[in-house]
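# Structural description and commentary
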Amino acid sequence: MPTFAQAVTERTRRLNTRLCVGLDPRSEAYRDVAHLKAHTLEVLEACAPYAACVKPQLAFYEALGLEGLAILEEVCAAARTLGLPVLLDGKRGDIGSTAQAYARAWLGGQHAGAALTVNPFLGFETLTPFVETAQQQGGAVFVLVKTSNPGQNDLQGSGVSERIAVEIARLNAEELPDQETGPEYATVGAVVGATHAGDLATFRALMPRALLLLPGLGAQGAAAADLAPAFHEGGLGALASASRGVQYADGLKVAASVTAARGFRDDLNAALAAHS
Ligand SMILES: O=c1ccn([C@@H]2O[C@H](COP(=O)(O)O)[C@@H](O)[C@H]2O)c(=O)[nH]1
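Cut-offs and rules
Within each chain, residues carry numbers counting from 1 in the order of the written sequence. Under the rules for a predicted model, residues below a pLDDT of 70 receive no local features and side-chain atom pairs below 80 are neither given nor counted, while totals for whole chains, interfaces and linings still include all residues. For side-chain calculations, the full set of non-hydrogen atoms in the structure is used, while hydrogens and water are omitted. UniProt positions are given in the numbering used here, feature names are shortened, and annotations may be inferred rather than shown by experiment. Only the stretch in contact is used when a helix axis is fitted, and all axes are lines through C-alpha atoms; the angle between N-to-C directions ranges over 0 to 180 degrees. A run of DSSP states H or I qualifies as a helix once it reaches four residues; a run of E qualifies as a strand once it reaches two. Both are numbered from the N-terminal end. Put simply, angles under 35 degrees are roughly parallel, angles over 145 are roughly antiparallel, angles from 65 to 115 are roughly perpendicular, and the rest are oblique. For any pair of crossing helices, the crossing counts as left-handed if the nearer helix is rotated counterclockwise from the farther one by less than a right angle, and right-handed if it is rotated clockwise. Residues count as neighbours in contact if any of their non-hydrogen atoms are within 4.5 Å of one another. Residues are sorted three ways: Asp, Glu, Lys and Arg are charged, Ala, Val, Leu, Ile, Met, Phe, Trp, Tyr, Cys and Pro are nonpolar, and all the rest, Gly among them, are polar. Burial classes follow relative accessibility: with a 1.4 Å probe on protein chains only, a residue under 20% of its type's maximum area counts as buried, one over 50% as exposed, and anything between as partly exposed. Near, as used in this document, describes a residue that has one of its heavy atoms within 4 Å of the molecule or strand being considered. Here a polar contact means two N or O atoms within 3.5 Å. Within protein one must be a hydrogen donor candidate and the other an acceptor candidate, and residues neighboring in sequence count only if both atoms are side-chain atoms. Only the protein chains shown count as cover for residues, and the accessible areas themselves come from Shrake-Rupley with a 1.4 Å probe. Patch definition: residues with relative accessible area over 30% and no salt bridge; like charges joined within 9 Å; nonpolar side chains (Val, Leu, Ile, Met, Phe, Trp, Tyr) joined within 5 Å. By salt bridge we mean one thing: a side-chain nitrogen of Lys or Arg within 4 Å of a carboxyl oxygen of Asp or Glu. Centres within 6.5 Å are what make two rings of Phe, Tyr or Trp a pair, Trp counting through its six-membered ring; a difference in plane orientation under 30 degrees is then read as stacked, over 60 as edge-to-face, and the rest as tilted.

The protein appears in an unreviewed UniProt entry as Orotidine 5'-phosphate decarboxylase from Deinococcus aerophilus. Quoted verbatim from the Pathway (unreviewed entry) heading of the UniProt record, the comment on the protein is "Pyrimidine metabolism; UMP biosynthesis via de novo pathway; UMP from orotate: step 2/2." According to UniProt, the comment filed for the protein under the heading Sequence similarities (unreviewed entry) is "Belongs to the OMP decarboxylase family. Type 2 subfamily."

If you want it as structure tokens, here you go:
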């Protein structure tokens, strides 16, 4: 079984796509839960050819209670059937023993994805259960380094993001000590907002073995044209993510979602071509 990073890299090479399609179904957009589920699954299937992976945001499924978790399971199963690696955006983090339970739930449990976003606010030691579980499962964790939102600087400024990046690089160097051979990307990835175009080259250089997840494409104003510095040569090493910009590109029109996903894929590829 390939690891999450290997599966994403293989799909990027084969389909020439660096797009992560976010699936964040908003209940207010639908008649009822059945409608929400049908539309989300339709968008997933229709956009799969343009996606390197999918990223369901747990909040939107949890907000629907047990029904939502059942839908999440179906979304994950459908993605796996389509060959799409699943990255769950849950931003989990807690003291170590609780982090262990979160890791079991979201990286190995019934509704598990292959990868999970994690929050390092409680300290680096609390990342260990997530990293170890992901390593055992061939999965991945994406640690929040510099989030896409305007207020991130309140807590992530003053070198905090850079300190987290250095820790990620240390963990990955421990896992893949040989820089010349072996898998390109290690278990620990990093979340760096696509909205911080000017910082992407710095974070790329600080974490050479980390896959970067770049949320904020589309609805949050980030443009594909600015994201090339996040990638290694050959256009590997990063995933640019759009959720509303794909799922609700034009109301609930699935054809518009497909056009948007194809457009993001093409714009990312054009940016890489212009940068090389
Ligand atoms: O820094 C971050 C980390 C995660 N997110 C999540 O990504 C999507 C973005 O949705 P859009 O509709 O494309 O704006 C959403 O699930 C966020 O929770 C992020 O935006 N920024």
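Back to the text.
This part takes up the packing of helix α5 (residues 96-107) against helix α6 (residues 128-137). Following both chains from N to C, one finds α5 and α6 inclined at 30°, their axes separated by 8 Å at the closest point. It follows that α5 is roughly parallel to α6 by the angle criterion. Two packed elements cross with a definite hand, and for α5 against α6 that hand is right-handed. Contacts between α5 and α6 involve Gly96, Ala99, Gln100, Tyr102, Ala103 and Leu107 from the first element and Pro129, Phe130, Thr133, Ala134 and Gln137 from the second. Residues that form the contact of α5 with α6 fall into these classes: seven nonpolar, four polar and no charged.

According to UniProt, the feature "active site" (unreviewed entry) maps to Lys91 in the numbering used here. With respect to the helices, strands and loops of the structure, Lys91 is situated in strand β3 (residues 87-92). When its relative accessible area of 36% is taken as the criterion, Lys91 is described as partly exposed. Excluding its chain neighbours within four sequence positions, the residues that come into contact with Lys91 are Gln57, Thr117, Val118, Asn119 and Leu144.

Bringing the site of the ligand into the picture now. The full set close to the ligand counts 15 residues, and Asp24, Gln57, Ser148, Gln220 and Arg244 are the nearest of them. Between the ligand and Asp24, the relevant distance is 2.6 Å, taken from an oxygen atom to a side-chain nitrogen or oxygen of the residue. A distance of 3.0 Å separates an oxygen atom of the ligand from a polar atom in the side chain of Lys55. Considered on its own, the ligand offers 460 Å² of accessible surface; in the complex 89% of this is hidden by protein. Considering only residue class, the shell around the ligand consists of five nonpolar, five polar and five charged.

Okay, a nonpolar patch on the surface next. Together, Ile95, Phe121, Leu122 and Leu155 line one region of the surface with nonpolar side chains, adding up to about 450 Å² of accessible area. Checked against the element boundaries, Phe121 lands in the loop between β4 (115-118) and α6.

You can see Leu58 is positioned in helix α3 (residues 58-62). Given a relative accessible area of 1%, Leu58 falls into the buried group. As a C-alpha pair, Leu58 and Asp24 span 34 residues in sequence and 8.0 Å in three-dimensional space. In this structure Leu58 touches Leu72, Leu88, Asp89, Gly90, Arg92 and Trp106, once residues within four positions along its chain are discounted.

So, on to the packing of aromatic side chains. Taken as a whole, this structure holds two aromatic pairs when the rule is applied. Ring centres 5.8 Å apart and planes at 80° place the aromatic pair Phe4 and Phe142 in the edge-to-face group. Here Phe4 is found in helix α1 (residues 4-15), whereas its partner Phe142 is found in strand β5 (residues 140-146), with 138 residues between them in sequence. This pair shows no difference in class: Phe4 is buried, exactly as Phe142 is.

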